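# Analysis of the macromolecular model
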Amino acid sequence: ASHLNYLAHLFLAEDDDDSLIGALMGDFVKGPVSDALPPKMGEAIRQHRAIDSFTDRHPVVRDSKRRISPRFRRYAPILIDMFYDHFLAVHWQDYAEQPLAVFSDRVYRLLDARARDLPPSMQRSMHYLTHYDLLGSYRTAAGIARSLQGIERRLKRPSRLGEAISELDDNLIPLQQDFQRFFPELMAHVR
């Protein structure tokens, strides 16, 4: 499953340029991590994969996925990634020292400056991320809905994923509680 929790991966990355880029690259680089990459970038790709496997196996995340209605259950991993990023954006000040807008802006400037160094498969997604301020847009349900519509357009088979924002409305409180139980454990795991 391709994970899309960009905000969580960036938040959990070390505070340097190569780590931030590597945290995003984890979704776009398959197979063994190349020794040709800068060491911090390679470390961040490995951390990205470790975060994904910890998340996939976590009982609270499994509970969240079960809250998704049968109509969208096959897309539960995508939805929970997106919804958790929404809760992180909404409650950003509970976890981070600098405002989300300041953090996002730094990431966007970095991605613009290093765009040519990114794998081709990643360049279009990262242009979209920066151009539409995706990280900031995650604060609103409308922003999450737009992201889901974007994913829907990229999926091979018809999914109606854009309509799955209803799952956030229908399960808002329990999903938010799941996130608030899970995220501190993920932070501790990464540390």
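One structure accompanies this document, and this report is about it. This structure is a prediction, so every number in the text was calculated from the model and none was measured.

## Some details on empty space enclosed by the protein
All told, the structure shown has 3 cavities of 30 Å³ or more when counted by the stated rule. Looking at the largest cavity, it is lined by 11 residues, and the ones nearest its centre are Tyr 6, Tyr 128, Leu 134, Ile 151 and Arg 154. Mapped by element, the contributors of at least two residues to the lining of the largest cavity are helix 8 (120-131) and helix 10 (141-154). No other element matches the 4 residues that helix 10 contributes to the lining of the largest cavity. Tallied by class, residues from the lining of the largest cavity come to 7 nonpolar, 3 polar and 1 charged. If you add up the space inside the second largest cavity, you get close to 90 Å³. Forming the boundary of the second largest cavity are 13 residues, of which Asn 5, Ala 8, Tyr 84, Phe 182 and Leu 186 lie nearest the centre.

## Quick look at the nonpolar core
Judged by nonpolar contacts, the single largest core of 64 residues is most densely connected at Phe 83 and Phe 183. For this core, the leading source of residues is helix 5 (residues 76-90), giving 10 residues.

## Quick look at the layout of surface pockets
Size it by volume and the second largest pocket reaches roughly 200 Å³. Lining the second largest pocket we find Leu 10, Phe 11, Ala 13, Glu 14, Asp 15, Leu 20, Trp 92, Ala 96, Glu 97, Gln 98, Phe 103 and Arg 106. Grouping the amino acids of the lining of the second largest pocket by side-chain chemistry returns 7 nonpolar, 1 polar and 4 charged.

## Details of the environment of Pro 38
The residue Pro 38 is located in the loop between helix 2 (17-25) and helix 3 (39-57) in this model. Residues Pro 38 and Ser 19 lie 19 residues apart in sequence; the distance between their C-alpha atoms is 9.3 Å.

## Comments concerning the packing of aromatic side chains
Taken as a whole, this structure holds 11 aromatic pairs when the rule is applied. An angle of 70° between the planes, with centres 5.5 Å apart, marks the rings of Tyr 84 and Phe 179 as edge-to-face. Of this pair, Tyr 84 sits in helix 5 while Phe 179 sits in helix 12 (residues 172-190), placing them 95 residues apart in sequence. Given a relative accessible area of 7%, Tyr 84 falls into the buried group. A relative accessible area of 1% places Phe 179 in the buried class. Ring geometry for Tyr 95 against Phe 183: centres 5.1 Å apart, planes inclined by 80°, an arrangement best described as edge-to-face. Highlighted residues: Tyr 95 in helix 6 (residues 92-95) and Phe 183 in helix 12, separated in sequence by 88 residues. By way of ring pairs, the aromatic residues Phe 11, Phe 54, Tyr 84, Phe 87, Trp 92, Tyr 95, Phe 103, Phe 179, Phe 182 and Phe 183 are connected into one cluster.

## A word on the side chain of His 86
With respect to the element layout, His 86 can be found in helix 5. For His 86, the residues in contact, after removing those within four places along its chain, are Tyr 138, Arg 139, Thr 140, Ala 141, Ile 144 and Leu 168.

## Thoughts on the pattern of salt bridges
In the structure shown here, the tally under the stated rule is 12 salt bridges. Here Arg 106 and Asp 15 are joined by a salt bridge, their closest N and O atoms 2.3 Å apart. Residue Arg 106 is found in helix 7 (residues 100-113), and its partner Asp 15 is found in the loop between helix 1 (6-12) and helix 2; the two are separated by 91 residues along the sequence. A relative accessible area of 64% means that Asp 15 is categorised as exposed. For the salt bridge of Asp 178 with Arg 67, the shortest nitrogen-to-oxygen distance reads 2.7 Å.

What counts, and where the lines are drawn
- Residues numbered from 1 in each chain as written.
- Predicted model: local features only at pLDDT ≥ 70, side-chain atom pairs only at ≥ 80, totals over all residues.
- Heavy atoms only, no water.
- 1 Å grid on protein atoms, 1.4 Å probe; cavity = no way out; pocket = protein on both sides within 12 Å on 5 of 7 lines; lining within 4 Å.
- Points joined across faces, edges and corners; volume = space filled by probe spheres on them.
- Helix = DSSP H or I, 4+ residues; strand = E, 2+ residues; numbered from the N terminus.
- Nonpolar A, V, L, I, M, F, W, Y, C, P; charged D, E, K, R; others polar.
- Core = buried A, V, L, I, M, F, W, Y, C linked by side-chain atoms within 4.5 Å.
- Buried < 20%, exposed > 50% of the residue type's maximum accessible area, 1.4 Å probe, protein only.
- Phe/Tyr/Trp six-rings, centres within 6.5 Å; stacked < 30°, edge-to-face > 60°.
- Contact = heavy atoms within 4.5 Å.
- Salt bridge = Lys/Arg side-chain N within 4 Å of Asp/Glu carboxyl O.

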